[in-house]
Amino acid sequence: MLCQFTFENFKSYKNETILDMQAVGGQNFQESLIYSSSDKKEFLPVSVIYGPNGGGKSNVLDAINCIVSLVMKPILIFKNNMNQNAVMNLTPFLFDEDSRKRPTKFELYFRPNEEYEYRYFITITKDVIDEECLYRRKIGKGSRIAMIFERTYGKIELGSSINKKKINLEVNDQMPYLSFLYINYKLEPIMLAIDWFEKCIIRNYGNPYTERHLIIGGGEAFKQKLIQLMNDVGINITNFDFVKKPNDESAYDLLFEHTVHEKSYSLNINQESDGTQKLFNVLPLVIIALSQGRLLVIDELDAKLHPKLLKFIIMLFKDPEINMKGAQIIFTSHDVSTMKSSVFRTDEIWFACKLDDESSDLYSLYELRDESGNHIHPSAAFDKQYLEGRYGADPYFRNIMDWK
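Here's what I pulled together on the structure shown here. (Residues numbered from 1 in each chain as written. Predicted model: local features only at pLDDT ≥ 70, side-chain atom pairs only at ≥ 80, totals over all residues. Heavy atoms only, no water.)

### Some remarks on the overall build of the protein
(1) Moving on: When its secondary structure is counted, the protein shows 9 helices and 18 strands.
(2) Moving on: Computed over its C-alpha atoms, the radius of gyration of the protein comes to 23 Å, within 12% of the 22 Å expected for a compact globule of 404 residues.
(3) Moving on: In terms of its C-alpha atoms, the protein occupies a principal-axis envelope of roughly 70 × 65 × 45 Å.
(4) Moving on: Looking at the 404 residues of the protein, the share that counts as buried comes to 51%.
(5) Moving on: Taking the contacts inside the protein whose residues are at least 6 apart along the sequence as the reference set, 58% of them involve residues at least 24 apart.
(6) Moving on: Accessible area for the protein stands at about 20100 Å²; split by element, carbon and sulfur atoms hold 49% of it.
(7) Moving on: Across the protein, the 48 positively charged side chains and the 55 negatively charged ones have centroids separated by 4 Å. (Helix = DSSP H or I, 4+ residues; strand = E, 2+ residues; numbered from the N terminus. Rg over C-alpha atoms; globule rule 2.2 N^0.38 Å. Buried < 20%, exposed > 50% of the residue type's maximum accessible area, 1.4 Å probe, protein only. Contact = heavy atoms within 4.5 Å. Areas by Shrake-Rupley, 256 points an atom, 1.4 Å probe, with all protein chains shown as cover. Lys, Arg positive; Asp, Glu negative; His and termini not counted. Charge placed at Lys NZ, Arg CZ, Asp CG, Glu CD.)

Here is the structure:
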């Protein structure tokens, strides 16, 4: 479970930026929150980011993807015996000379289970890791924070929980020490942290190639669950299967079976609508996230989806009887029709917008105040007020209406 994500000097985000998944009080959908019995804290199952094109929505998700990739890429290269380097290629804020020279910073608070909360922090300047640290604490009142390791400009210090073996303190200045420890040693605190990173699912549907990358879980139970969900949203298929292409035995076609008047017909997935193809790509990820309590991060989740289908996916994560493992979804959207108090809490809605210096700003609806200085009411007409430009991340519809 993600508790909080902070980053700075990454792409369009010049200043420190925080995406907080901790729930605030006095909101609706109280029953949908992820409740931690260990310390009685509550976390959000959903966060959505709105804003105009070029405002910085995707860059927030890119930042999450970046920190996960930084940690996981060296591990995946090692596991798969790949002969390549884990090049970082970070892009800082480029619209002033000072930022080009400053480090990019990432900080994560996450809980891989009900017992521990971790803090991971890393700063990078021109692909060189300056600082890196990993801490954890037992969840509960009065628990102490334990240092796992600290790395400061090449000097590494180990905490007591892993300082029991002869561990190499020399590491390439472009490799995260967290990744290095996982690859070379079986250390419980490290393995538990990497388990959380490994389970993050990140997809960018702004990239057309993403929809060609299908992830289908194994087993008949998974298959039937996927068919059931497709039918629940009106995509009436009775079966699907992968069939070898006649002229290329290494390639497969995906066929959907439709039953009409008790007669079966097969259609290639390429013959299905764009919406059906998108849904078939997204729903397996949703099933995996919900069944295993994973973090699912999706850019442009609403693309090619009917608003009712988008709402259907959102509400799966907000249903405590379905989301029993504490799964979370963070996504970007332009679909204002779902920006309603019947779908979201004010702390689940975020806005990304550009400032005068071309840097991006990120803030939640909960942080805003109305004309009387009060928080936006949980039952307000979010979509109407957003289109009126009252939330700052002006979607420029008013300007369009004024064009002559």
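### Focus: the side chain of R137
(1) Moving on: Within the fold, R137 resides in strand β8 (residues 128-138).
(2) Moving on: Among all residues touching R137, those that are not within four sequence positions of it are D39, K41, R111, E115, Y116, E117, S143, R144 and I145.

### Description of the packing of helix α1 (residues 57-79) against helix α3 (residues 177-184)
(1) Moving on: Taken N-terminus to C-terminus, the directions of α1 and α3 make an angle of 30°; their axes are 8 Å apart at the nearest point. Relative to α3, the element α1 lies roughly parallel. Relative to α3, α1 is oriented so that their crossing is right-handed. Packed against α1, whose contacting residues are L70, V71, P74, I75, F78 and K79, the element α3 presents L178, S179, Y182 and I183 at the interface.
(2) Moving on: Here the residues of the contact of α1 with α3 are counted per class, giving 8 nonpolar, 1 polar and 1 charged. (Axes fitted to C-alpha atoms, helices over the stretch in contact; angles between N-to-C directions. Parallel < 35°, antiparallel > 145°, perpendicular 65-115°, else oblique. Left-handed = near helix turned anticlockwise from the far one by under 90°. Nonpolar A, V, L, I, M, F, W, Y, C, P; charged D, E, K, R; others polar.)

### Description of helix α6 (residues 274-292)
(1) Moving on: Taking 1.5 Å per residue as the helical rise, α6 with its 19 residues ought to reach 27 Å, and the 28 Å between its terminal C-alpha atoms agrees with that figure.
(2) Moving on: Within α6, 16 of the 19 residues are buried, leaving the element largely enclosed by the surrounding structure.
(3) Moving on: One or two steps after α6, the chain reaches G293, where phi turns positive at roughly 70°. (Expected span 1.5 Å × (residues − 1).)

### A closer look at the nonpolar core
(1) Moving on: Counting residues in hydrophobic clusters, the biggest one holds 61 residues, and the most contacted among them are F106 and F197.
(2) Moving on: The element that contributes the greatest number of residues to this core is α1, accounting for 11 residues.
(3) Moving on: Leaving out residues up to four positions away in the same chain, F106 has contacts with F5, T6, F7, F10, A63, C66, I67, L70, L90, Y120, F121 and I122.
(4) Moving on: Residues L229, V282, I329 and L365 belong to the second largest nonpolar core, which totals 55 residues. (Core = buried A, V, L, I, M, F, W, Y, C linked by side-chain atoms within 4.5 Å.)

### Quick word on the environment of I313
(1) Moving on: Structurally, the position occupied by I313 is in helix α7 (residues 307-318).
(2) Moving on: Taking the C-alpha atoms as reference, I313 lies 7.8 Å from V286; in sequence the two are 27 residues apart.
(3) Moving on: If we skip the residues at most four places from it in the chain, I313 touches L279, V282, L283, V286, L301, L305 and I329.

### What about the pairing of strand β17 (residues 349-354)?
(1) Moving on: Most of β17 sits out of view: 5 of its 6 residues are buried.
(2) Moving on: Where strand β5 (residues 46-50) and β17 come together, 3 bridges link them in parallel fashion. Each bridged residue has a counterpart across the sheet, and for Y50 the counterpart in β17 is F351.
(3) Moving on: In this structure, β17 lies alongside strand β18 (residues 360-364), joined through 5 bridges in antiparallel fashion. Considered in β18, the bridge of F351 is made with Y363. (Pairing = 2+ DSSP bridges.)

### A word on the sheet that holds strand β15 (residues 295-299)
(1) Moving on: Strand order in this open sheet of 6 strands is β11-β15-β16-β5-β17-β18, and the pairing throughout is mixed. Two strands lie at the open edges of the sheet, namely β11 (201-204) and β18, each paired on one side alone. Mean inter-strand twist for the sheet, computed between neighbouring axes without regard to direction, equals 15°.
(2) Moving on: When β15 meets strand β16 (residues 328-332), the two strands line up parallel, connected through 4 bridges.

### A look at the pattern of salt bridges
(1) Moving on: For the structure on display, the rule yields 23 salt bridges.
(2) Moving on: With its nearest N and O atoms 3.9 Å apart, the salt bridge here joins E97 to R100. Within this pair, E97 and its partner R100 are both found in helix α2 (residues 97-101), separated by 3 residues, close to a single helical turn.
(3) Moving on: On the basis of relative accessibility, which here comes to 55%, the residue E97 falls in the exposed class. (Salt bridge = Lys/Arg side-chain N within 4 Å of Asp/Glu carboxyl O.)

### Thoughts on the sheet that holds strand β1 (residues 2-8)
(1) Moving on: Here we have 7 strands laid out as an open sheet, ordered β2-β1-β6-β7-β8-β9-β10, and antiparallel in their pairing. Among the strands making up the open sheet, the edge pair consists of β2 (17-20) and β10 (155-158). Each neighbouring strand pair of the sheet contributes to a mean axis angle of 10°, computed without reference to strand direction.
(2) Moving on: Pairing of β8 with strand β9 (residues 145-152) involves 7 bridges; the strand directions are antiparallel. By the bridge assignment for β9, C133 is matched with E150.
(3) Moving on: α1 contacts β1, β2, β6 (104-110) and β7 (116-125) of the sheet and is inclined by roughly 100° relative to β1.
(4) Moving on: Set on the sheet, α3 makes contact with β7, β8, β9 and β10; between it and β9 the angle comes to about 105°.

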